[in-house]
Every structure is written in structure tokens, then in C-alpha cells.
Amino acid sequence: MGAELKDLAARAYVYGFPLVFNLDQVQRYVTTGVGANAATPFNRFGHADALAGPQDTFVSINNDTVYSLAQIDLSGGPVLLEVPDTNGAYYVLQFVDAWTDNFAYVGKRATGTSSGRYLLTPPAWTGDAPDGVTRISFPTMVGSIVGRWACDGVDDLPRVRALQEQLTLLPTVEDQSVAGLPAPDSKVPEQLIFWEKLRTYLQAYPPAAQDLPLHQAFEPLGLLDWYPSPYRSADADLVDALAEGERSGHAGLVAALKSGAGDTIVNGWHQPLHIFDYNDDYFEIGTVNSPEWKIPDRAKAIGLRAAAAMGGLWGNHGYEAAYAPVYLDGDGNELSGEHTYTLTFAQTPPVDAFWSITMYDVPDYYLVDNAIDRYSIGDRTHGLEYAEDGSLTITLSAAEPKESMARANWLPTPAAAFRPLLRMYSPRPEVLDGTYEIPPIVRVG
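Residues numbered from 1 in each chain as written. Predicted model: local features only at pLDDT ≥ 70, side-chain atom pairs only at ≥ 80, totals over all residues. Heavy atoms only, no water.

What follows concerns the pairing of strand β12 (residues 321-325). Of all five residues making up β12, five are buried, and the element is well covered by its neighbours. Alternating residues of β12 divide into A321, Y323 and P325 and A322 and A324, and every residue in both groups is buried. Relative to strand β18 (residues 418-425), β12 is paired through five bridges, and the arrangement is antiparallel. Counterpart to A324 in the pairing with β18 is L422. (Buried < 20%, exposed > 50% of the residue type's maximum accessible area, 1.4 Å probe, protein only. Helix = DSSP H or I, 4+ residues; strand = E, 2+ residues; numbered from the N terminus. Pairing = 2+ DSSP bridges.)

Attention shifts here to the sheet that holds strand β3 (residues 79-83). Spatial ordering of the open sheet is given by β7-β6-β3-β9, a layout of four strands whose pairing is mixed. Each edge of the sheet is formed by a strand with only one pairing partner; in this case those strands are β7 (134-137) and β9 (168-171). Averaged over all pairs of adjacent strands, the angle between their axes in this sheet comes to 30°, without regard to strand direction. By the bridge criterion, five bridges tie β3 to strand β6 (residues 116-121) in an arrangement that is antiparallel. (Axes fitted to C-alpha atoms, helices over the stretch in contact; angles between N-to-C directions.)

So, about the domain arrangement of the protein chain. With domains assigned, the protein chain is organised as domain 1 (1-5 + 186-259), domain 2 (20-171) and domain 3 (264-443). Spacing between the C-alpha centres of domain 1 and domain 2 amounts to 30 Å. Tallying the contact residues gives eight residues for domain 1 and eight residues for domain 2. Interface area, domain 1 with domain 2, both sides summed: about 710 Å², of which 75% is carbon and sulfur. Counting the surface domain 1 buries against domain 2, the share from its top three residues, K197, Y201 and Y205, is 67%. At the boundary of domain 1 with domain 2, the tally comes to one salt bridge. Across the salt bridge formed by K197 and D24, the nearest N and O atoms sit 3.0 Å from each other. On inspection of domain 1 and its partner domain 2, the count reaches three residue pairs in polar contact (both at pLDDT 80 or more). (Domains from an automatic or database assignment. Contact = heavy atoms within 4.5 Å. Buried area = accessible area lost by both parts, 1.4 Å probe. Salt bridge = Lys/Arg side-chain N within 4 Å of Asp/Glu carboxyl O. Polar contact = N/O pair within 3.5 Å; in protein donor to acceptor, adjacent residues only side chain to side chain.)

Take a look at the structure:
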């Protein structure tokens, strides 16, 4: 029974990791803030006033766009969202529920760039949206709006700021107080806090109907118990099983990310175009409800949901932005700042918006400080130098290159292991169908 209980705990960890990890980030945003995004109460946008940097300790945060983030709590009733006219400029508001399902998009690809009004409604709400207002139904009472505004550097920030100031969330009743996130039992030992959070959040944010049988299978772990928490004085066998399940479940997710299980891998680049396709239940405005953007194997979808949260929380569907991380050079060796590498694009990534490569450390996937304050490089980077044949060679190294073109096209790396991530916003069909091939990273020193 001990081995069975440990195996069940490992499965429960993978199942529940996205919910706990995500809501921990929600709590950060409403209490302490994250980097350039100051702490902001529920149902209000917090706006970054600069592109992200090393101070923004959030997994795989991007350095291409300026963020506007809102944590939404609809326990007090619907909220009205108003978006400005961006005059053709790229932006996206991505809607993410408590389980990390991407369930709606508003922005250039999804709804165009004209102004608009949207009524955000809680689960099971039965009212009607006013004329001229589009309803967006939230699958869970709490969710996130992750706003990204394309920004071409410091000189473009005033334009972005003006748009941010026109982005509003308005209450629909006079006194719209909210419940906030439920608090875990303070008497639970620290070693069981993940499980206590999961137990608490499972009650507040039920899963999709198709996941209920799996959900109920975790009853022997105490996850379906109500108050008082069973983890206040859990017996030794359960504590042991939960500890081992957390350890092995976490290790399995780390290994899955590095191996790219299920990914297409070309020249060392993982191409997880469908890693965010685990949502099979909720399709509001801007989403694509079709078989090619769903994962039919539910067990696989649940595993990918956990891996996606760990490696790229709040990442978009591939049709909004395609992501390609890489851990190895073209010879299959792990990337390290001990060496110098080049990446040569005969043809730069085909996109309708823009592309970039962002540098992250391992294993946290955070931006890393460097001498020239360059954390990403792409088609909007000023001063890039192209070869006579039109190709672009990027140098990746911890030390500053000596040759002038290499310096112009330098993406600094950490001194130790690193993981670049290629982002392609509004990717063209040849990215999505695999026709476009990303070149390998070549070690040159």
C-alpha cells in the first residue's frame, strides 16, 4: 500500500502543481508585486513602466513587450473591461483561469485593434451583457489577464504608457468587495504546505467536469477533506508518501522539460507548439476551438499542463505566439557560458508581428544581469548587422566579443548553464506546419 500511495501522490502532484504554482503567483501580484509590476489589488490593472529585467523574477518572463497585469476575482459579481484603440499596434490580453487554461484572447490577432468593451462574468452567471458589450465567461472565480504591449524600446514607452492608462476594469455594482484567495490552514507543518494549498484551492476552484474522476481518486491523500485540515496531524505513512510524491513528481517535471517529451526537436530546438493546448473545455472569444489545438489524450494533457506551468507560466497558444526553447548546441552538448556560440539565420523567423530570442538562466528560467542590459535580441533590436547575403549571425557568450559585428549582434549569456527561448509572435503557417527550420546553435569557442 505504501508504494501505491506514493505513486498516487506523485500523480496528484503533477495534477495539482499548475493550480498551486499559478495561484502563488497571483498572490504575489496582489500582495508584494513582481519586479516592475507593483502590488495591485484584485480587479485592477498593474502596469509595468519598462521592459522586464533581472529584477522581474518570474519564470520565462518576456523582454519584448510591456506588461499590464490584472488578477481578477469575480466573487463580488461581473466586472467591465474596456480596451483602447491601438491604431494597428500589436497587443494581446490573454485570459488564464486558476488551472492555467488559456480561455480567451482580446487583441490584434483575436479581435483587432479597435476599442472594445467586455463583461467578465463568474462561473454559472445567468445574466445578460449590455448592448455593445461582449461577455467573457470565466471558468473559475479567480483568473488572470496577462496583457502584453509591443514596445520598440525606451523611446516607445510613452506611446505604450498612454495605451495602458486607457485600459480599465470597472465594477458593475456599487460595493463590489471580493473574497480573495482562500488561506491554507496555518497549523499545517511547512513540509506539507504544498498539499495544504492544493487541498484548499481544490475546494475553491473545481476542475473541469472531465477531470473529476481523477480528482476524486486522490481522496486517500486527504485532498478532498474539508476543515480541519487532515495535514495538521497526518500519520507518518501519509507524510512519507506525500513527501516522496512531491519529490518524484517535481523531478519528473524537470526531466520532462529538459527532454522535451512529446516535442518536435529540430537542430536542438524544442518546438512545443501545442504545449498550451491542454484546455479542452473552455473556449471564449479569441480562442481556436478545433481539433488541431486540443490534446486528445487527457493524461498527456495534464502532464503537459504541469510542465508548461513550470517552464513558461502564462504562455500563449501557438497561434498567438510560438515558443521554441533550446538546451543543447548542434552537437548535442548542454549550453554553457563557459563557451562561445553562434546562431546564423539564413532566413529570420517568418512572423506577422515580431520575433526575438531571450536569454534565461537554468533552472529558474529568469533573466540574468549583464554588462550591456540586453536580455533579448530580435527583429526590433537596434543596430544589428547583417551579412552581404542577408543572413544574421547572433553571438551567444558570457564575455563580450572582440569583433565589431559579433558585438553588434551579441546576446549575453550567464557564466553557467543557460536556456535561450525563441518567440515568434503571430507566427506564419510555415512555423506552425514545421516547414520553417530553426538553425542549430554552433559552439565556436
